[in-house]
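# Coordinates in review
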Amino acid sequence: MSTPGSGVGHGRANTGGKRFISGVVEGFYGRPWTMEQRTELFKREQKWGLNTYLYAPKDDYKHRMYWRDLYSAEEAEQLIALISAAKQHDVEFIYAISPGLDITFSNPKEAAALMRKLDQVRQFGCRSFSLLFDDIETEMCAADKKAFSSFAYAQVAITNAVYQHLGDPETFLFCPTDYCAAFCTPSVLQSSYLHTVGEKLLPGIDILWTGPKVVSHKISVESIEEVSSVLRRPPVIWDNIHANDYDPQRLFLGPFKDRPTELIAKLRGVLTNPNCEFYPNFVAIHTLATWCKATADGRQRDVEMDDEEQDPCYSPQKALTLALTDWLQEFMSTDQPGGPCRPPARLKKEVSEEEPMQTDMGEGSYIPGPGENPLYTAEPLTLEDLKLLSELFYLPYEHGPTARTMLQELDWLKNHSWAAAAETDKTAEWRSRAQQFDGLCEAVVQMFNRLSNAPNRSILYDLYNYICDIKSGVGLARAYVKTLGGQARPAAQLLNTDPEPWGFRGGLSGEFQRMLPCHGNRDLFRHPLMTSVYSIRMFCPEDKMEVQRIFREMQSAGEGKVPMMMQPPLICDGLSAGEIPPSPQCALVLEDEMGVCGYALALTDAKPAAARIQRAVSDSVFQDFPSLVTIQVLPRVADPSPAKRMIGRLLSSIRSSGSRGVFCEVRHSDRRMLDLYPKLGFFKPITMAGLPQDIIAMGTSL
């Protein structure tokens, strides 16, 4: 096994010779881990080659809500023991504090209170620290507004002062309020907040970043290079891919993935903020450790059939198998905290000479007689059981293969239930697939049974609510399919007007969600019949009135507090209003069953349109982005895919005309279109001098 830090970025690019930070942040909302669990974590980190633990539990009230309060003697004793345990296992203990809820930055007493608190923790033996300003209001109090020109300046001033007060510690982390790209206004590159942080924060202070979103599906090399250029240093990723504190019904047991190993050379480090439950984090932390040890030479290529993008240095599925294999051994161990003192069923306990003679063993054992029920026998947990468990509770943005298969099969069986009611050419297929689906359901039940009898009860208790829930849900689906096939009477919990409570889940929160129009449109498995059929065709003169209607309707919807007539025009307004004809082959409309519901129009040469509204645009902009595009879809088009296909066809036509690039304009108040353009996957914010204050320009090269 590698020692802490080996293979995890010593002297990697952009880290200034410091070791690559790799490990765990306890930064979730909910019950913090126990001191015993944290000590167990340090042992795992040392064993797997990770080197850092960031102490930041949101619900430790002296970390966040009552940050000014010093620790009591009893609390101090616990922290001293914890910091000492981290050192014993070569894990760097970073103490984080979150004063942002109510600190007055301009009050010297507040700064003194913060320094006094950190001085106390330093006396405990801690040498690394972090200031967190995440998840707080951005409005400064009146006193701070007089003292600081911006919220960023206020945060930077106190952070620099604390850093210097502590003697420039080797590791000091800062979490900005805008800690992901989605929070940056209008973009990462144009964020005045991030630019201030990057320019004014002392160079020895590292900055935490979660990626494109709070919970980032993918983190690309390009996105990290972009934010690094603004922050003037490589960030430390606070990775929430396995965090589950936002949904009490979800647990994530899939591998660390969708972060190319090329990132290692571009980052200062990676810390995973995993599930609230301690023991199920075995997979998240183990696979992160495997990722961190990936080599950069690319000599060994892992091929995975399901991966859209191949990483030559890291295979998520192989990393997952390694983690589950090790986890199985922990499941079967009885020496974990909370484990049973007796061996599991089916394992006969050997009586050693040192043990007292147990004369009643024969009396206590029962042997069933002829015709009686056999004794219940607990089968041992298998690696296949843990693979199934992982696939049922995979990752925030995707189900595992078995879960996807079960959803697809249930959908097919439901939509082809007519084949089970009468003999048709589909009947044999329906029955075969129903039998296969039943087999998958039975595998979930058997997995539940074997997990329930695993010797390590601590892991089981962390998993129990989740596996009970999935077993119940699978049971309902299984009963429904049997009913469709005529193999059973309709299940009471499916058709009864007064069902048991497990037949309707979610409580009040579930009822609220079911009443909202967007509920279900982010399901990882999309029901095919719930997707409208859209067609994209060339614009014709008869469409002009429909395009104008959509343009006026969307203008009114996005008008906001300032009437549209008082706002500066967009260059593309003339296109949508029908005052300027689109270029040949550069106009498309989107239709659904109700009629025209969107359009995409373009000018291959945007200069005349800009001159028409007296908009001064530099020649350098027109050199890179000579063409103009505008797109609009009605709110009933909830899926961005049709708009993406439409803009893709339009850009292809513009490219054929010889254009080098296109740009578009959006009003800052038009949140809907600001959200839509990035989803299309083509446009990024660009700098365009002379833009009116409320207008943002985006562009893409062709």
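Scoring rules and cut-offs
Residues numbered from 1 in each chain as written. Predicted model: local features only at pLDDT ≥ 70, side-chain atom pairs only at ≥ 80, totals over all residues. Heavy atoms only, no water. Helix = DSSP H or I, 4+ residues; strand = E, 2+ residues; numbered from the N terminus. Contact = heavy atoms within 4.5 Å. pLDDT = per-residue confidence, 0-100. Buried < 20%, exposed > 50% of the residue type's maximum accessible area, 1.4 Å probe, protein only. Patch = residues over 30% accessible without salt bridge, like charges linked within 9 Å, V, L, I, M, F, W, Y side chains within 5 Å. Areas by Shrake-Rupley, 256 points an atom, 1.4 Å probe, with all protein chains shown as cover. Salt bridge = Lys/Arg side-chain N within 4 Å of Asp/Glu carboxyl O. Pairing = 2+ DSSP bridges. Axes fitted to C-alpha atoms, helices over the stretch in contact; angles between N-to-C directions. Right-handed = clockwise from strand over helix to strand, strands pointing away. Core = buried A, V, L, I, M, F, W, Y, C linked by side-chain atoms within 4.5 Å. Phe/Tyr/Trp six-rings, centres within 6.5 Å; stacked < 30°, edge-to-face > 60°. Left-handed = near helix turned anticlockwise from the far one by under 90°.

With that settled, consider the side chain of Glu 665. Among the secondary structure elements, Glu 665 is positioned in strand β13 (residues 661-667). Residues in contact with Glu 665, not counting those within four places in the same chain, are Leu 570, Ile 571, Cys 572, Arg 615, Met 688, Leu 691, Ile 695 and Ile 696.

A word on the confidence of the model for the protein. Confidence along the protein averages 85 in pLDDT terms, with 83% of residues attaining 70 or more. Note that residues 1-15 has pLDDT below 50 and, in this model, 47 contacts with residues that lie over four places away or in other chains. The low-confidence segment residues 296-308 (pLDDT under 50) makes 21 contacts with residues lying over four places distant or belonging to another chain.

Here Thr 185 and Pro 186 are connected by a cis peptide whose omega angle stands at -5 degrees. Within the secondary structure, Pro 186 is located in the loop between β5 (172-175) and α6 (192-200). In this structure, Asp 258 is a non-glycine residue whose phi angle is positive, near 65 degrees. Inspection of the secondary structure assignment puts Asp 258 in the loop between β7 (236-239) and β8 (269-272). On the basis of relative accessible area, Asp 258 is assigned to the partly exposed category, the value being 25%.

Another aspect to go through is a nonpolar patch on the surface. Together, Tyr 61, Met 65, Tyr 66 and Leu 101 make up a nonpolar patch on the protein surface, roughly 420 Å² of accessible area in all. Secondary-structure assignment places Tyr 61 in the loop between β2 (52-55) and α2 (73-88). Using a relative accessible area of 42% as the deciding quantity, one classes Tyr 61 as partly exposed.

The next subject is the sheet that holds strand β4 (residues 128-132). Whenever strands of a sheet pair, they do so through backbone hydrogen bonds, lying parallel or antiparallel. Here we have eight strands rolled up into a closed barrel, ordered β1-β2-β3-β4-β5-β6-β7-β8, and parallel in their pairing. Each strand of the sheet is rotated relative to its neighbour by a mean of 25 degrees, with strand direction disregarded. Bridge analysis of β2 against strand β3 (residues 92-97) gives four bridges, and the strand direction is parallel. For Leu 54, the partnering residue across the bridge sits in β3 and is Ile 94.

The mixed open sheet is built from seven strands, whose spatial order is β9-β10-β11-β12-β13-β15-β14. Edge positions in the sheet fall to β9 (535-538) and β14 (684-685), since each of these pairs with one other strand and no more. Examined bridge by bridge, strand β10 (residues 587-592) and strand β11 (residues 595-603) share six bridges and lie antiparallel to one another. Residue pairing in the sheet places Asp 592 in a bridge with Gly 595 of β11. Across the sheet, helix α22 (residues 641-656) touches β9, β10, β11, β12 (627-633), β13 and β15 (695-701), and the angle it forms with β12 is around 160 degrees. Each of β12, β13 and β15 is contacted by helix α23 (residues 671-680), which is oriented at about 115 degrees to β12, the strand it contacts most.

With that settled, the discussion passes to the pairing of β3. Counting buried positions along β3 yields six of six residues, so the element is predominantly enclosed. On β3, burial covers both faces: Glu 92, Ile 94 and Ala 96 on one face and Phe 93, Tyr 95 and Ile 97 on the other are all buried. In terms of handedness, the path from β2 via α2 over to β3 forms a crossover that is right-handed. Of the pairings in the sheet, the one linking β3 to β4 comprises four bridges and is parallel in character. Its bridge partner being in β4, Ala 96 is matched across the sheet by Ser 130. On the question of chirality, the crossover connecting β3 to the parallel β4 by way of helix α3 (residues 108-123) is right-handed.

Another point: the nonpolar core. Phe 93, Tyr 95, Trp 327, Leu 389 and Leu 463 are the most contacted members of the largest nonpolar core, which has 123 residues in total. Here Tyr 95 is in contact with Tyr 55, Lys 62, His 63, Tyr 71, Lys 117, Leu 118, Val 121, Cys 126, Ser 128, Phe 129 and Ser 130, once residues within four sequence places are set aside. By size, the runner-up hydrophobic cluster in this structure holds 58 residues, among which are Val 596, Ala 602, Phe 622 and Val 633.

For the structure shown, the criterion picks out 34 salt bridges. Salt-bridge contacts for Arg 38 lead to Glu 26; the nearest nitrogen and oxygen are separated by 2.8 Å. Separated by twelve residues along the polypeptide, Arg 38 in helix α1 (residues 35-48) and Glu 26 in strand β1 (residues 21-26) bring together distant segments of the chain. Through salt bridges that share partners, Glu 409, Lys 426, Glu 429 and Arg 433 make up one connected network.

So, on to the packing of aromatic side chains. For any pair of aromatic rings, geometry is given as the distance between the ring centres together with the angle between the planes. Tallied over the entire structure, the rule returns 25 aromatic pairs. Both rings, one in Phe 105 and one in Phe 151, keep their centres 6.0 Å apart while their planes meet at 85 degrees; by these two values the pair is edge-to-face. Within this pair, whereas Phe 105 is found in the loop between β3 and α3, its partner Phe 151 is found in helix α5 (residues 151-165), the two being separated by 46 residues in sequence. Residue classification places Phe 105 among the buried residues on the basis of a relative accessible area of 8%. Owing to a relative accessible area of 11%, Phe 151 belongs among the buried residues under this scheme. With 5.0 Å between their ring centres and 80 degrees between their planes, Phe 278 and Tyr 279 make a pair best called edge-to-face. In this structure, Phe 278 and Tyr 279 share a single accessibility class: buried. Here a set of aromatic residues connected by ring pairs shows up, and it is made of Phe 42, Tyr 53, Tyr 55, Tyr 71, Phe 93, Tyr 95 and Phe 124.

Residues Gly 269 and Leu 271 point to one face of β8 and Val 270 and Thr 272 to the other, with burial holding for every one of them. Across four bridges, the pairing between β1 and β8 is parallel. Of the residues in β8, the one forming a bridge with Val 24 is Thr 272. The pairing of β7 with β8 spans four bridges and is classified as parallel. Along β8, the bridge assignment pairs Asp 239 with Thr 272.

Turning our eyes to something else, we now look at helix α8 (residues 282-292). Buried residues dominate α8, accounting for ten of its eleven residues. Among the residues of α8, Phe 282, Val 283, Ala 284, Ile 285, His 286, Thr 287, Leu 288, Ala 289, Trp 291 and Cys 292 are the ones counted as buried. Buried residues along α8 sit in contact with β1, α1, β8 and α9 (316-331).

What follows covers the environment of Phe 148. The residue Phe 148 is located in the loop between α4 (142-147) and α5 in this model. By relative accessible area, Phe 148 is classed as buried at 18%. Sequence separation between Phe 148 and Phe 105 is 43 residues; the distance between their C-alpha atoms is 8.8 Å.

Relative orientation of the contacting elements α3 and α5 amounts to 35 degrees, with a least axis distance of 10 Å. The chirality of how α3 crosses α5 is right-handed. Of the residues in α5, those touching α3 at Ala 111, Leu 114, Met 115, Leu 118, Asp 119 and Arg 122 are Ile 158, Ala 161, Val 162 and His 165.

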